[in-house]
Each structure stands twice: as structure tokens, then as C-alpha cells.
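Architecture and fold: a report
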Amino acid sequence: MKFFCSGFAIFLCTIAAGESLPAKVTLEDAKKYAVSNNLEVQGLRSALEEARAQVTGARSGFYPRLGVAGGADYQVSADASVGAPVGYAYGNWNLFRGFGDTYRMQLADIEVDKAERKLKQTEFRIGLEVEEQFFSYLFRKFSIELREKALKENQKHQKQAQQRRAGGLASDSDVMEFDLRDSFLRSELAELALDLESSRVNLRRLLGEKIGEKIEPTGTLLHYKVKGSLGDYLKLIATENESVTEASRQLAQANVEEKLARSMWFPEVDVETQVGYLRIMDRPNATSTTAGGAAFRGLVVAKMNIFEGFETSARQGAAAAKKLRSEAMLKQTILDAVSKAEIGFRTLKAIEAQVDLEELNSDRAERYYKSVIKEYQRGQKNSSDVKNASEQMFQAQVRHEGHKNEY
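To keep things clear, this report deals only with the structure shown in the data block. (Residues numbered from 1 in each chain as written. Predicted model: local features only at pLDDT ≥ 70, side-chain atom pairs only at ≥ 80, totals over all residues. Heavy atoms only, no water.)

Another point: the overall build of the protein chain. Each helix and strand counted, the protein chain has nine helices and six strands in total. For a compact globule of 407 residues, the expected C-alpha radius of gyration is about 22 Å, and the protein chain comes in at 38 Å, more than 25% above that figure. Here the C-alpha coordinates of the protein chain stretch approximately 140 × 40 × 35 Å along the principal axes. Split into buried and exposed, the 407 residues of the protein chain put 39% on the buried side. Counting only contacts in the protein chain whose residues sit at least 6 apart along the sequence, the fraction spanning at least 24 positions is 78%. Split by element, the accessible area of the protein chain, about 23,000 Å² in all, is 55% carbon and sulfur. (Helix = DSSP H or I, 4+ residues; strand = E, 2+ residues; numbered from the N terminus. Rg over C-alpha atoms; globule rule 2.2 N^0.38 Å. Buried < 20%, exposed > 50% of the residue type's maximum accessible area, 1.4 Å probe, protein only. Contact = heavy atoms within 4.5 Å. Areas by Shrake-Rupley, 256 points an atom, 1.4 Å probe, with all protein chains shown as cover.)

Quick look at the structure:
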């Protein structure tokens, strides 16, 4: 089932990078391999590592800055000149910045959460796309087999019609009916062969660049059943729907950004220290003729911007507007997701019922075809009846498998 069924939680399954995939592959192996080797997934794994590195960078605001400086200081005045080497260790530590560092950490954590969620959902989506292309391949392969079978049956009926015409029991148009059906079936086979190869190419694209040129999906189309009620799926929207979770994190990010903009109204308090051979002007025992020796210098300073050309107000206003926009987008996204989930659920239930009905129709069409063949051999049915019965059986089988493929 394209929307609600996934075999297993594919994002928990991994295969060592570079592991080969056999030419004949099952759905489970294909999904595992895709999660491990798909190029989009690999890119998102790198994005997650990048986001985690940003957390480390944001955390650095809580630590002091330590370093060393060296050089020479030379001062000249009307009375004398003083020169001395400079070499000292220094440290800076921010004590308070309006909780800005805390908010930056929160923003970095949100980015990590978004990257992790994006990776998990993409792995899941890739699995579903693999499943879709896999079953599409199986359906086209089955359709080719059905047409090849129909072609053989038509050739058999074609010979029977020719024999009946030779005995004066059928006309040329009876034979022409089967000739025409033979031509139609061969044309459909050529088109399906192209579609089959397209499905194979799409599957290779999802499996990554290391996959071989030839891959042969193996398996059968299954008749899945929708489990649970609509309410069960609606409850999962807030935590599992990709669009909703993305909108939720955008709102969380906007909330923190508003707090960060507000923190700019607070003063900054910093501690600065220096120890060693400082600049001459910073040495307490220096004179106009002597540079003095080593010294220690400490400073606690508080700074508060009084006017910045309304920059702080503009940032806070923009952050507040972004928050309101994010709240509206989240509500709309939830409404859209609920609507899509309801439509998808009802569609799947309808398809499920259709599969059951088409299975009965397929059985009935096959029994009808066999009955017509017997009556045709007894001379009670004509060539058109045989062709129509054969066509009905063929179409019933195609519809049955086609509805299963719609899952």
C-alpha cells in the first residue's frame, strides 16, 4: 500500500556501504539497499553531521576565550622614548548576553532535530518509492505475461477459425477478427516492454550509482488490507506527517528567534584578563623613561546599546511577524494533511473492495471463457463470441492485478 503499508520500518535497516545487490532482488533487499546507498539519503546524512557541528559551534559561547599575544611596544614623547617587548596571555569570558547564547543553542538543536527528521522521513519515502517502482515493474511484467498468454490463445483460436472456414463453417471475417486481435496484442507488448524498462531504470536510480545495469525484481503483487481506523492515522499526523513536523519545527524556530531578537535589549557583561608583559601604557609601574615589568590586568565591563538606528526594534518586529506566519502555516498544513489522509484512507478502502470484486470477476470471466470455448467447438458459438470472451477474461485479470498495484 503506497500510503499506509511499508513492509517494515525501513529507516532502521542498513546495509554496509558498497555491498553488492544480486541481479534478482526481492522487495525487502531493494529497500534496505536503497536506504544505505541512495545518493539523496547520503547527502542528508552529511547535512545531519553539519547540523551537529553547528551545535558545537553554538555551545562555544558559554566558554571563555584564551590566547597569547606578542610583539613590541615603542612610545615616543618630547622628553623621552620608551620601548619594550610585549608578551602576555589573555582571557575573555562573557557572563551575560541577554540569554542570547542559550537561544542560539536552542536554534542549533532545532536544526539537528530537523535534519534527523528529514533524514528519517526521506529514508522512509525512498523505501516507498522503491516499493512503488518495484510493484510497477511486477505489474508490467505480469501484464506482458498475460498478453503473451492471450496471444497464444488467440493463435490457437485463429487456427480453429481457419479450419472452420476451410470446412465452410466460418467466413473470412471470422479469421480476420483473430488476425486483428493478434496485431493489437503485439502492439501492446511492444509498449509494455518499454514501460517495463522504464520501471527498471527508475528503480536503479533509487538504489544508487553502484547498482548494476541489470536488475530483475522478483515477487508477486499482494492484496494488502488497510489496518486500523481513520482516527488511528489522523492521530499520527502531528508526529509522523512530513509536512506537519516540518511546519512545527519552523514554528519552534520562530519562537526562539523572537526571544533572541528580544535579548538584544539586555546589556552585555564581560570579563577580560591579561597577564605578562603588557603594552607599556597598561603596566602600572611604567614611567616616561622606563617600561616596567610584568603585570596583571583585569576588567569587568558592562555594555548596553542605547540607539542602533532602530535595528533591534526592526529585528524583533520581523521575528514576531515570522512567528505569526509560522503559526498560520502550521494550522493550514495540519488541515491539508488531515484532508489528504482522509481522502487517501477512503481511496484505499475503495480499492480494497475493488480488488475483492475484481478477483470474483476474474474467476467468472475465466469460467465464461471456458464455457464459450466448449460451445464454440460444438458449433453453438461463433468466432466473435470466442474473441469477446477471451478479451473479457484478459481485461478482468488485468483489472484485478492493476487494482492491487494501486496500493
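We now examine the packing of aromatic side chains. Within this structure, the stated rule accounts for five aromatic pairs. The interplanar angle of 90° and the centroid separation of 6.3 Å between the aromatic rings of Phe134 and Phe135 together place this pair among those described as edge-to-face. The pair formed by Phe134 and Phe135 is uniform in burial state, with each residue classed as buried. Ring pairing ties together the aromatic residues Phe96, Phe99 and Phe266, which thus form one cluster. (Phe/Tyr/Trp six-rings, centres within 6.5 Å; stacked < 30°, edge-to-face > 60°.)

It is worth spelling out the side chain of Ser362 at this point. Relative to the elements of secondary structure, Ser362 occurs in helix α8 (residues 311–377). We classify Ser362 as buried; its relative accessible area is 9%. With residues near it in sequence (within four places) discarded, Ser362 still touches Ala396 and Gln397.

Ordered in space as β2-β3-β5-β6, the four strands form an open sheet in which the pairing is antiparallel. Because the sheet does not close on itself, it has two edges, and the strands there are β2 (65–76) and β6 (295–303). Adjacent strand axes in the sheet meet at a mean angle of 25°, parallel and antiparallel pairs treated alike. Where strand β5 (residues 268–277) and β6 come together, nine bridges link them in antiparallel fashion. Counterpart to Thr273 in the pairing with β6 is Gly298. (Pairing = 2+ DSSP bridges. Axes fitted to C-alpha atoms, helices over the stretch in contact; angles between N-to-C directions.)

Glycine aside, a negative phi is what most residues show, and trans is what most peptide bonds show. Even without glycine at this site, Phe99 takes up a positive phi of about 65°. Mapped onto the secondary structure, Phe99 falls in the loop between β3 (81–96) and α3 (100–166). Under the relative-accessibility criterion, Phe99 is labelled partly exposed at 48%.

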